[in-house]
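# Residue-level structural notes
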Amino acid sequence: MSSHQDPQASTSPQGKDNNAAATSEAPVERLVLTEHRLALGRQTLDYQATCGTLPLRELTVEDGKQQGEKTRASVFFIAYTAKDRAPGERPLCFVFNGGPGSSSVWLHLGLLGPQRVACDEMGHCGTPPYALEDNPLSLLAVADLVFIDPVGTGHSRMQPGEKSAEFHDYQRDLDAVGEFIRLYLTRWNRWASPKYLIGESYGTTRAAGLSRHLQEKHDVHLNGLVLVSLALDFQTLSFDPGNELPYPLYLPTYAATAWYHQALAPAQQKKPLKRLIKEAEDFANGEYWLALMQGSRLSAAARKKIAERMAALTGLSAEYLLRCDLRPTEFRFFKELLRQRGQTVGRLDSRFLGLDRDDAGEHPEEDAGMNNLVGAYAAGINRVLRDKLGWTSDQPYLLHAPLWKTWSWKGHENKYLAAGDSLRRALQANPAMRVYVASGYFDLATPHAAGDYSLAHLGLREPLQGQIQVSYFEAGHMMYIHRPSLERMAAELRRFVSPA
């Protein structure tokens, strides 16, 4: 059930009417509160949704004197909180996705929120106009949820005249999201709550950075991080000339993908998936890695032997692998694996298949995994905003703006961004913080082996290594679209944020 306020009449947590400010062109505070009920098996949960924008302000100083506050941007968020609970009674989870340039829609409508996009057991979202359904597996059963859209995504916008570099930058992004979290904790009186960050993809980069930033900037110590589809060390994901690291780290997912599409020889195809992945990992970390380290010094006989072993694991021909100098990049793999069938495999989820105009070339035209999702999630969030949450606006909700094209890496020029050290320092300062990592075996955007490598190279001392747990799923980047993965992941997350 839901009861809607007038969406044009904004209400603050203290009940003040902010409607007069809503007519200004500048980013303003506008909040809409609604009440709902969600069925959770045999129980029901009454909860309140707060949907709206909070301005980010900073002090202005001239001649060394404070002049006032300047609004820089507004951050759009959706918060779900159980009714009639004391402020510190339930855990509080701040949630965001990645990109950079993605709104929080994927975790919101795929895994955590009270409604989700309906899909079949594999994860197909069906046909337009798509369907929404209540989500009895929502983490709202045990924790309050705040979905954050970073500036430039969702309905979050900069003040006119502001430069994008002030927000679309690794550190500036941490500053903005960190300030929103501090402001939310204060305004909604949640400093007494157990606090968690949940991030996906680049959102894991952001979460790792925030875990230390919140400690240093705002004295906020977290109870835990949930890192979905890990991206901590960009060297593991960047196929640059001279960087050999991604090739062995992607190979186990190449093997899993070939197995799923029955592109391996019969003897290999009969093996259980996890056994095949283990063989691929052992080869990648051993013979293959040593061969790559030799470069052009590798003999022709050794090169042929490595190519044949790679072919048996990946479904690519030995001849093709030799033409690639034993180094098939991810886009070459997407196009080559099923070229003879006239199909491409997805990047976000390699279980999904695409069709290009022709079967030549090295790159697929589209990502079949993303094509399965984007229309359904766009329809879903726009329906939820208007029909469930009472939010009306002619402004487009930006699911995934291409901010990565112009994103600033100031402070990380001429080197790979590595957020793992921020995570290590946060754990050392707060040894009670726990970390849950979810990885998909069919994720070719952030492969599970790259995540494992990053975790193994954090430099954590032994007493802290047990604070990290990793779960693997037979699905892709958004593993929760796969029904069996969704059910197991939802159960694990409930235990993680409410361990008592």
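Presented here is an overview of the structure given in this document. Keep in mind it's a predicted model, so treat the numbers as computed, not measured. (Residues numbered from 1 in each chain as written. Predicted model: local features only at pLDDT ≥ 70, side-chain atom pairs only at ≥ 80, totals over all residues. Heavy atoms only, no water.)

## As for the layout of surface pockets
Roughly 1,200 Å³ of internal volume is contained in the largest pocket. Gly-99, Ser-201, Arg-347, Trp-404 and Ala-445 are the residues nearest the centre of the largest pocket, which is lined by 38 residues in total. Those elements that place two or more of their residues in the lining of the largest pocket are helix 9 (330-336) and helix 10 (368-388). Looking at which element gives the most residues to the lining of the largest pocket, the answer is helix 9, with three residues. Grouping the amino acids of the lining of the largest pocket by side-chain chemistry returns 19 nonpolar, twelve polar and seven charged. (1 Å grid on protein atoms, 1.4 Å probe; cavity = no way out; pocket = protein on both sides within 12 Å on 5 of 7 lines; lining within 4 Å. Points joined across faces, edges and corners; volume = space filled by probe spheres on them. Helix = DSSP H or I, 4+ residues; strand = E, 2+ residues; numbered from the N terminus. Nonpolar A, V, L, I, M, F, W, Y, C, P; charged D, E, K, R; others polar.)

## Points about empty space enclosed by the protein
Scanning all chains against the criterion turns up two cavities of 30 Å³ or more. One number sums up the size of the largest cavity: a volume of about 70 Å³. Val-75, Ile-148, Asp-149, Pro-150, Val-151, Phe-167, His-168, Asp-173, Ala-176, Val-177 and Trp-407 are the residues that line the largest cavity. Secondary structure elements with two or more residues in the lining of the largest cavity: strand 8 (144-149) and helix 2 (170-187). With three residues, helix 2 is the single largest residue contributor to the lining of the largest cavity. A volume near 30 Å³ is recorded for the second largest cavity. Lining of the second largest cavity is provided by Leu-111, Leu-112, Leu-137, Leu-139, Ala-490, Leu-493 and Arg-494. Listed by contribution, the elements that provide at least two residues to the lining of the second largest cavity are helix 1 (105-112) and helix 14 (483-497). Among the elements that take part in the lining of the second largest cavity, helix 14 stands out by supplying three residues, more than any other. Residues belonging to the lining of the second largest cavity are distributed by class as follows: six nonpolar, no polar and one charged.

## Details of the side chain of Thr-236
Of note, Thr-236 is situated in the loop between strand 11 (224-228) and helix 4 (246-260). A relative accessible area of 2% means that Thr-236 is categorised as buried. A polar side-chain atom of Thr-236 sits 2.6 Å from the main-chain carbonyl oxygen of Asp-233. (Buried < 20%, exposed > 50% of the residue type's maximum accessible area, 1.4 Å probe, protein only. Polar contact = N/O pair within 3.5 Å; in protein donor to acceptor, adjacent residues only side chain to side chain.)

## Structural notes on the packing of helix 1 against helix 14
Remark: helix 1 packs on helix 14, axes separated minimally by 11 Å, with the N-to-C direction vectors making an angle of 100 degrees. Our classification of the angle between helix 1 and helix 14 gives roughly perpendicular. Between helix 1 and helix 14, the contacting residues are Gly-110, Leu-111 and Leu-112 on the first element and Leu-486, Met-489 and Leu-493 on the second. Residue composition of the contact of helix 1 with helix 14, grouped by class: five nonpolar, one polar and no charged. (Axes fitted to C-alpha atoms, helices over the stretch in contact; angles between N-to-C directions. Parallel < 35°, antiparallel > 145°, perpendicular 65-115°, else oblique. Contact = heavy atoms within 4.5 Å.)

## Some thoughts on the environment of Leu-140
By the secondary structure assignment, Leu-140 is in the loop between strand 7 (132-134) and strand 8. Considered as a pair, Leu-140 and Leu-112 are 28 residues apart in the sequence and their alpha carbons are 7.2 Å apart. When near neighbours in sequence (up to four residues on either side) are disregarded, Leu-140 contacts Leu-45, Tyr-47, Tyr-80, Thr-81, Arg-90, Leu-112, Pro-114 and Leu-145.

## Things to note about helix 7 (residues 300-314)
The end-to-end C-alpha distance of helix 7 is 21 Å, a good match for the 21 Å that 15 residues give at a rise of 1.5 Å each. Along helix 7, the residues classified as buried are Arg-303, Ile-306, Ala-307, Met-310, Ala-311, Leu-313 and Thr-314. Looking down the long axis of helix 7, one finds its buried residues gathered within 165 degrees of arc, a one-sided arrangement. Facing away from the buried side of helix 7 by over 90 degrees, the exposed positions are Ala-301 and Lys-305. Those residues of helix 7 hidden inside the fold are in contact with helix 4, helix 5 (266-269), helix 6 (273-294), helix 8 (318-323) and helix 9. (Expected span 1.5 Å × (residues − 1). Arc of directions from axis to C-beta.)

## Quick notes on a negative patch on the surface
Together, Asp-358, Asp-359, Glu-365 and Glu-366 line one region of the surface with negative charge. For Asp-359, the location among the structural elements is in the loop between strand 13 (353-354) and helix 10. Judged by its relative accessible area of 37%, Asp-359 is partly exposed. (Patch = residues over 30% accessible without salt bridge, like charges linked within 9 Å, V, L, I, M, F, W, Y side chains within 5 Å. Areas by Shrake-Rupley, 256 points an atom, 1.4 Å probe, with all protein chains shown as cover. Salt bridge = Lys/Arg side-chain N within 4 Å of Asp/Glu carboxyl O. Lys, Arg positive; Asp, Glu negative; His and termini not counted. Charge placed at Lys NZ, Arg CZ, Asp CG, Glu CD.)

## Looking at the packing of helix 4 against helix 6
Two elements in contact, helix 4 and helix 6, have axes separated by 8 Å at closest approach and are oriented at 145 degrees. Of the two elements, helix 4 crosses helix 6, and the hand of that crossing is right-handed. From helix 4, Tyr-247, Pro-248, Leu-251, Pro-252, Ala-255, Ala-256 and Trp-259 reach across to helix 6, where they touch Leu-273, Leu-276, Ile-277, Ala-280, Glu-281, Phe-283, Ala-284, Tyr-288, Trp-289 and Leu-292. A per-class count over the contact of helix 4 with helix 6 returns 16 nonpolar, no polar and one charged. (Left-handed = near helix turned anticlockwise from the far one by under 90°.)

## Focus on the pattern of salt bridges
Any two side chains of opposite charge can pair if their charged atoms end up close together. Taken as a whole and judged by the stated rule, the model has 29 salt bridges. Across the pair Arg-327 and Asp-325 runs a salt bridge whose closest N-O atoms are separated by 3.1 Å. The exposure class of Asp-325 is partly exposed, given its relative accessible area of 36%. A single network of salt bridges, built from pairs that share partners, joins Lys-70, Arg-72, Glu-162, Glu-166 and Arg-172.

## Points about the state of the cysteines
Scanning all chains against the criterion turns up zero disulfides. Take Cys-119: it sits in no disulfide, and the sulfur closest to it among the cysteines is that of Cys-125, at 5.3 Å. Owing to a relative accessible area of 22%, Cys-119 belongs among the partly exposed residues under this scheme. (Disulfide = S-S within 2.5 Å.)

## What about the pairing of strand 10 (residues 195-200)?
Across the six residues of strand 10, six count as buried, placing the element largely inside the fold. Burial along strand 10 is two-sided: the face carrying Lys-195, Leu-197 and Gly-199 and the face carrying Tyr-196, Ile-198 and Glu-200 are both buried. In terms of strand pairing, strand 5 (residues 92-96) meets strand 10 through five bridges, oriented parallel. Opposite Phe-96, over in strand 10, you have Gly-199 as the bridge partner. Strand direction decides the pairing type here: strand 10 and strand 11, joined by five bridges, are parallel. Paired with Gly-199 across the bridge in strand 11 is Leu-227. (Pairing = 2+ DSSP bridges.)

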